[in-house]
Structure formats: structure tokens, C-alpha cells
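Analysis of the macromolecular model
Chain by chain, the residues:
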Amino acid sequence: MTRIRPTLSVILPTYNESSNLPILLGKLKTALSEVSHEILVVDDNSPDRTWEIAEEIATKDDSIRVIRRITDRGLSSAVITGMEVAEGEIFAVMDADLQHDEALLPRMVQTLQGGYDLVVGSRAEEGGSYGQWSRRRRFISWVATFLARLFLPLEIKDPMSGFFALKRDVFEKSANRINPRGFKILLEFIGRTPGLKMRELGYHFRNRQHGETKLSGSVVRNYLVALFDLRFGHYLSSTFAMYVSVGATGIIVNSLGFYVGEALDFPRVDTGLLDALGPVHLSVPFGYQLAIISNYLLNNYLTFFEVRHRGLDILKGLIYFELISLLGLFVQVSVFQLLYTNGFLDALESEALSKYGSYAIGLAAATVSNYFLNKNFTWKDFRP
Ligand code: GDD
Ligand code: MN
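Everything numeric in this text was worked out from a predicted model, so none of it was measured. (Residues numbered from 1 in each chain as written. Chains lettered and ligands numbered in written order. Predicted model: local features only at pLDDT ≥ 70, side-chain atom pairs only at ≥ 80, totals over all residues. Heavy atoms only, no water.)

A few words now on the coordination of the manganese ion (ligand 2). Only Asp 95 (OD), Asp 97 (OD) and Gln 99 (OE1) from the protein coordinate the manganese ion (ligand 2), and they sit 1.9 to 2.1 Å from it. Sequence spacing among the residues donating to the manganese ion (ligand 2) works out to D-x1-D-x1-Q. The exposure classification of Asp 97 matches that of Gln 99, with both residues buried. (Donors = N, O, S within 2.8 Å, 3.2 Å for Na, K, Ca; no water. Buried < 20%, exposed > 50% of the residue type's maximum accessible area, 1.4 Å probe, protein only.)

Set out below in C-alpha cells:
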């Protein structure tokens with residue numbers, strides 16, 4: 001018997017959806033009675049054994065396949081895994097928690113067959129709604145959508161949707177450029193494949209009945225990184241950009257520390273080291289230290305989140321960071337001296353330009369060298 005390729009492959013990423021999945025599979029059967037289809041459940045070895053329940057159902061239904069991933073994790077990469085083995089001409093992705101309306105699938109298929117490349121199940125389009133969302137979630141979604149539309153030329157009103165369908169060749173064209181980390185797989189497809197013919201279809205977003213959302217704080221951070229990569233990834237590493245932004249906040253912390261130190265009348269100490277220095281205002285090293293610590297923590301939890309130090313290792317990392325910062329100071333001072341004292345920028349024919357130019361180049365040199373040293377030593381397991 002020859003096998004017939006289905007028209008539609010529905011990809012259901014699951015993580016702890018054991019109560020929702022059986023209900024959804026039943027609903028899908030009804031909704032897709034007129035569409036030739038297969039259903040791919042991609043489960044990341046859920047502790048609640050969603051995969052086992054899915055496999056059980058699949059033994060009685062040839063159109064359902066279950067992929068249980070043991071070593072990989074993550075929503076986007078699960079979706080890609082599903083698409084890699086899907087046999088349909090059209091791929092649809094939806095939450096397995098009953099929040100997306102399966103009844104929209106046949107219209108999504110028709111729309112794609114009518115000449116579109118990608119259809120988005122949209123909460124912002126006519127006939128759609130966000131359902132009962134908490135204010136907080138509404139706000140986060142609004143900010144995320146706003147940022148996406150600011151960074152990327154988007155005509156889609158609900159680019160945060162996790163419910164969409166596309167043609168196989170759109171996947172094949174863009175798959176190797178897609179960032180498999182993160183939540184925003186739709187944005188990746190749109191951002192990496194210019195010129196797609198897209199259409200939104202409204203649907204009513206439903207509340208979760210069972211289980212809980214897997215969206216967490218780190219999702220927000222990963223989202224910002226992904227957005228940056230989509231927009232500027234060709235020119236600049238997002239890790240470096242994050243590192244420099246953290247550095248900029250350090251300047252503020254440093255000044256605040258100094259200000260507070262002075263306001264509280266921090267002592268002046270005679271180091272006896274250098275007469276010309278006079279007694280040292282402790283508020284200066286205080287501001288500096290405060291900035292180092294806050295830079296270190298921000299880099300640990302933002303820039304190098306994936307390989308962040310935990311527990312006592314946080315202290316070990318801080319010691320590396322301190323030493324590298326000292327080295328950076330040395331680099332900055334040396335470069336400045338080298339350029340300024342030797343009059344390298346004298347051609348600019350302005351004392352101020354030559355002085356601040358030397359300063360800026362020294363600062364840039366120290367930033368770059370600190371970045372590479374921190375990346376390779378303080379957070380040495382980091383892989384972009
Ligand atoms: N395999 C796998 N691995 N599945 C996952 C993982 C994972 O690491 N994380 C989440 N899932 C599954 C969930 O089980 C669910 O079926 C689906 O992916 C979406 O996860 P939810 O936890 O339900 O996310 P959400 O409802 O908060 O967010 C949804 O709505 C957003 C729009 O506001 C998602 O559809 C997002 O993509 C969407 O942006
Ligand atoms: Mn959901």
C-alpha cells in the first residue's frame with residue numbers, strides 16, 4: 001500500500017499537558033474531519049508523562065505520532081523538531097493547552113491553498129479577542145508587540161501569537177537561520193523570510209483550564225535578545241551589545257555611589273602612598289566597587305544567563321570580574337597615555353578633541369578587552 005502525504009501536519013509542542021492533550025486530540029479529530037492530516041506531539045520528556053498518554057492514544061490512531069525528546073528542551077526547538085519530520089504540505093502550530101481554537105484550522109488551510117505563505121491565528125484581528133487576561137499579562141504582551149513592531153517592519157497585528165500555519169517551503173527556506181531558543185518562533189519565521197504573503201484570521205483566545213503557563217522571567221530576557229538578533233544580528237553580537245549596555249548602567253551606579261558616599265560624609269584616608277594624592281575620598285572607590293558588583297550581577301543574570309554562576313560560585317566569578325576590571329583600568333590608562341602623551345591625535349588640531357579622543361579610544365579598548373576576557377574566563381562555558 002502506498003502512503004499518502006497528508007495536507008496538514010499539526011504540530012503540538014507539549015510540556016506537562018497531560019490533562020489538556022487528550023481533550024485537544026479529541027477536538028482536533030472533529031475539527032479536521034474534512035482535512036487530510038497528521039498530528040505530531042513533540043514532548044520534552046514531561047515529568048507528568050504527557051508523552052506516555054500521547055503514545056497510548058497514538059496506538060489507536062495512525063494519524064497521531066509522538067516524539068519524545070530526551071536531551072533537548074524548549075518551545076521553539078520542539079516546533080522545529082516537529083516540522084523536520086512532518087510530512088504534510090502545510091504545517092500548523094498550536095498550544096496543547098486548549099487556548100487556541102482548533103476550529104480555525106480548516107480556514108487556515110484554505111487560506112494557504114489560496115496563495116498565502118503564512119497565516120496567523122490572531123487575537124487582534126476582527127473576530128478575535130484576548131479573552132480574560134490579567135492586566136499584567138496584557139501589558140507584557142502589549143510591550144512585546146510594540147517592541148517587535150518598532151524593530152521589525154511588521155504588518156501583523158498579533159506577532160506574538162503562538163498559533164499559526166505556514167507552507168512547507170517557507171520552513172525549508174528559513175529553517176537553518178532560525179534561532180531555536182526562545183518562545184517567539186512565529187517572529188523568527190517572519191523576521192528571517194522577507195516578502196512572505198501573510199494573512200491574519202481572528203480567533204478567541206481561551207483561558208487555560210489545566211496546568212500552568214511555561215512563560216517565565218527569562219523568557220522576557222530571551223525575547224529581547226532574539227529581537228535584537230533579528231534586527232541587528234548581521235552587524236553586532238547581541239551578547240556584546242548587552243555587555244556594553246550593562247557597562248553604561250555601571251556609570252550611573254558609580255556616580256550614585258559617589259554621591260551617596262559624599263552625602264554620608266564617608267571618611268578620607270591617608271594612604272601614605274603618594275603625597276601628591278592627599279587623603280583618598282572613600283566615596284570614590286565605594287562608587288567604583290558598587291558599579292563593579294552591579295555590573296557583575298547584571299552580566300551574570302542577563303548577558304551570560306545561560307552559564308550564570310550560582311551559589312558560592314557567584315563569589316568566585318566576582319573575583320575574576322574584579323581582577324579583569326583592574327586589568328581593564330590598566331589597558332585604559334595605557335592606551336590613553338600612549339595616544340595623548342605622544343600626540344597621536346594632534347592632527348585633529350584641537351586640544352580638547354585630542355584629549356577626549358584619546359580617552360574614548362582608551363575606554364573602547366578597555367571595554368573590548370574586558371569583554372573578551374570576561375567571556376573567556378569569568379563565564380568561560382559561554383557559547384553564543
Ligand atoms: N516540547 C515543549 N518544550 N513544549 C513546550 C515547552 C518546552 O520547553 N514550553 C512550553 N511548551 C508547550 C506548552 O505545553 C504549550 O502546549 C505550548 O508549548 C505553549 O506554552 P504555554 O505555557 O501554554 O505558553 P503561553 O500560553 O503562556 O504562551 C502562549 O501564548 C503566547 C501569546 O501570548 C504561546 O503560544 C506563545 O508562543 C505565545 O506567544
Ligand atoms: Mn498556552
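Next comes the rest of the description.
Let us now look at helix α1 (residues 21-31). Side chains of residues three or four places apart in an α-helix project in the same direction, reflecting 3.6 residues per turn. When we look at burial in α1, the residues that qualify are Leu 21, Leu 24, Leu 25, Leu 28 and Ala 31. Buried residues of α1, seen end-on, are gathered within an arc of 125° and therefore sit on one face of the element. For α1, the elements touching its buried residues are β1 (8-14), β2 (37-43), α2 (50-58), β3 (64-68) and α4 (105-113). (Helix = DSSP H or I, 4+ residues; strand = E, 2+ residues; numbered from the N terminus. Arc of directions from axis to C-beta. Contact = heavy atoms within 4.5 Å.)

The computed volume of the second largest pocket comes to approximately 860 Å³. Taken together, 23 residues form the lining of the second largest pocket, with Gly 247, Ile 251, Asn 295, Gln 332 and Leu 363 sitting closest to its centre. Mapped by element, the contributors of at least two residues to the lining of the second largest pocket are α9 (238-263), α10 (283-303), α11 (313-341) and α12 (351-378). Considering each element in turn, the lining of the second largest pocket owes the most residues, 7 residues, to α9. Taken together, the residues of the lining of the second largest pocket break down into 13 nonpolar, 10 polar and no charged. (1 Å grid on protein atoms, 1.4 Å probe; cavity = no way out; pocket = protein on both sides within 12 Å on 5 of 7 lines; lining within 4 Å. Points joined across faces, edges and corners; volume = space filled by probe spheres on them. Nonpolar A, V, L, I, M, F, W, Y, C, P; charged D, E, K, R; others polar.)

Before going further, it helps to spend a moment on unusual backbone geometry. Its identity as a non-glycine residue notwithstanding, Arg 49 has a phi of 60°, on the positive side. With phi around 60°, Asp 265 is a residue other than glycine that occupies positive phi space. Overall, the relative accessible area of 60% leaves Asp 265 in the exposed class.

Looking now at the nonpolar core. Membership of the largest hydrophobic core comes to 34 residues, with the highest contact counts inside it found for Met 83, Leu 118, Phe 164, Leu 166, Leu 187 and Phe 189. Per-element tally for this core: the top contributor is helix α7 (residues 185-192), with 5 residues. Apart from the residues within four sequence positions on either side, Met 83 is in contact with Ile 11, Phe 91, Val 93, Phe 164, Leu 166, Phe 171 and Phe 189. Formed by 31 residues, the second largest nonpolar core is a distinct cluster that contains Leu 8, Val 41, Ala 54 and Tyr 203. (Core = buried A, V, L, I, M, F, W, Y, C linked by side-chain atoms within 4.5 Å.)

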